[in-house]
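# Examination of the molecular architecture
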Amino acid sequence: IVGVSPFRVAMDVYLRKCGLVDEKDEQESEHLWIGRMIEPAIAEMLADRTGMNVEKAEPLLHASEPNLGARLDYIADGRFNVECKFLTTFGRGNWPEDADEVPQSIVAQTTYQIGIARTAGLYLEKSLVPRLLNGVSFRIYEVAFDEELYALLEAAAKRFWRDHVVPRVPPPLD
């Protein structure tokens, strides 16, 4: 909804939140299916490389805004958000193999996840983003939590809900 996702636009979110599209009915691409299937292995690789205890996370809801939520992949040592990424040469797009930082879409995603977790009483320090590229290159990125960015993302999510989902007014097409 803030325009940084390479995979979804505001209209996709609107259709899901209004119940006009059921995620269960959507066809999952082969690439997404492989990524979902390999995600536990990527989490295991993170645990093996770092010695951390990595556990599957449950979906979280904002403490005072029940329409805002986040799905974290895993939590490491009870202190770190873990967002697993599986990329292929086809899907790496704006994230080159030798990049020192994650793309802005992942900064926004992990910042929002930690912000929601903190409102729910789970204090996570930062995000770890283990990335497996082409099945042969494994790297762990760290993403600091940015309170100012979270405040902007939370405000955008509230505004989207209030201005589009509740009154059933579609957002402009991107």
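Here, the structure is the one placed above.
Residues numbered from 1 in each chain as written. Predicted model: local features only at pLDDT ≥ 70, side-chain atom pairs only at ≥ 80, totals over all residues. Heavy atoms only, no water.

## Quick notes on a nonpolar patch on the surface
Together, Ile1, Val2 and Val4 line one region of the surface with nonpolar side chains, adding up to about 220 Å² of accessible area. Structurally, Ile1 is set in the segment before helix H1 (10–17). A residue is classified by how much of its surface remains accessible, and Ile1, at 43% relative accessible area, is partly exposed. (Patch = residues over 30% accessible without salt bridge, like charges linked within 9 Å, V, L, I, M, F, W, Y side chains within 5 Å. Areas by Shrake-Rupley, 256 points an atom, 1.4 Å probe, with all protein chains shown as cover. Salt bridge = Lys/Arg side-chain N within 4 Å of Asp/Glu carboxyl O. Helix = DSSP H or I, 4+ residues; strand = E, 2+ residues; numbered from the N terminus. Buried < 20%, exposed > 50% of the residue type's maximum accessible area, 1.4 Å probe, protein only.)

## Digging into the packing of helix H3 (residues 104–119) against helix H4 (residues 147–165)
Packing of H3 against H4 leaves a shortest axis separation of 9 Å and a crossing angle of 85°. Classified by the angle between their axes, H3 and H4 sit roughly perpendicular to one another. Here Val107, Ala108, Thr111, Tyr112, Gly115, Ile116, Arg118 and Thr119 of H3 lie close against H4, whose contacting residues are Glu147, Leu149, Tyr150, Leu153 and Ala157. The residue makeup of the contact of H3 with H4, split by class, is eight nonpolar, three polar and two charged. (Axes fitted to C-alpha atoms, helices over the stretch in contact; angles between N-to-C directions. Parallel < 35°, antiparallel > 145°, perpendicular 65-115°, else oblique. Contact = heavy atoms within 4.5 Å. Nonpolar A, V, L, I, M, F, W, Y, C, P; charged D, E, K, R; others polar.)

## Some points on the environment of Thr110
Looking at where Thr110 falls in the secondary structure, it is placed in helix H3. For Thr110, a relative accessible area of 0% translates into the label buried. The spacing of Thr110 and Pro172 is 62 residues in sequence and 25 Å in space, taken between C-alpha atoms. Once you skip the residues sitting within four places of it in the chain, Thr110 turns out to touch Asn81, Glu83, Ser127, Val129 and Val143.

## Things to note about H1
Along H1, the residues classified as buried are Ala10, Met11, Tyr14 and Arg16. Those residues of H1 that are buried lie in contact with H4. Following H1 by one or two positions, Gly19 adopts a phi angle in the positive range, close to 75°.

## Some points on the packing of aromatic side chains
For the structure shown, the criterion picks out three aromatic pairs. Ring geometry for Trp95 against Tyr141: centres 5.2 Å apart, planes inclined by 55°, an arrangement best described as tilted. Taken together, the positions of Trp95 in the loop between strand S6 (85–87) and H3 and Tyr141 in strand S8 (residues 137–144) put the pair 46 residues apart, joining distant regions of the chain. Taking the relative accessible area as the measure of exposure, Trp95 reaches 2% and is therefore buried. Centre to centre, the rings of Tyr112 and Tyr150 are 6.1 Å apart; their planes meet at 40°, and the pair counts as tilted. On the criterion of sequence distance, the pair formed by Tyr112 in helix H3 and Tyr150 in helix H4 is long-range, its members being 38 residues apart. (Phe/Tyr/Trp six-rings, centres within 6.5 Å; stacked < 30°, edge-to-face > 60°.)

## Considering the layout of surface pockets
Empty space within the second largest pocket amounts to approximately 160 Å³. Along the wall of the second largest pocket there are 12 residues; nearest its centre are Ile1, Ala10, Phe160, His164 and Pro171. Residues that form the lining of the second largest pocket fall into these classes: seven nonpolar, two polar and three charged. (1 Å grid on protein atoms, 1.4 Å probe; cavity = no way out; pocket = protein on both sides within 12 Å on 5 of 7 lines; lining within 4 Å. Points joined across faces, edges and corners; volume = space filled by probe spheres on them.)

## Considerations on the pattern of salt bridges
Inspection of the entire model under this criterion finds eight salt bridges. Ionic pairing is found between Glu39 and Lys56, a salt bridge with its closest N-O pair at 3.2 Å. Taken together, the positions of Glu39 in helix H2 (residues 30–50) and Lys56 in strand S1 (residues 54–56) put the pair 17 residues apart, joining distant regions of the chain. The shortest N-O distance in the salt bridge between Glu65 and Lys158 comes to 3.9 Å. Taken together, the residues Glu65 in the loop between strand S2 (60–61) and strand S3 (69–70) and Lys158 in helix H4 connect sequence positions 93 residues apart. The class of Lys158 is partly exposed, set by a relative accessible area of 32%. Linked through salt bridges whose partners overlap, the residues forming this network are Glu65, Glu154 and Lys158.

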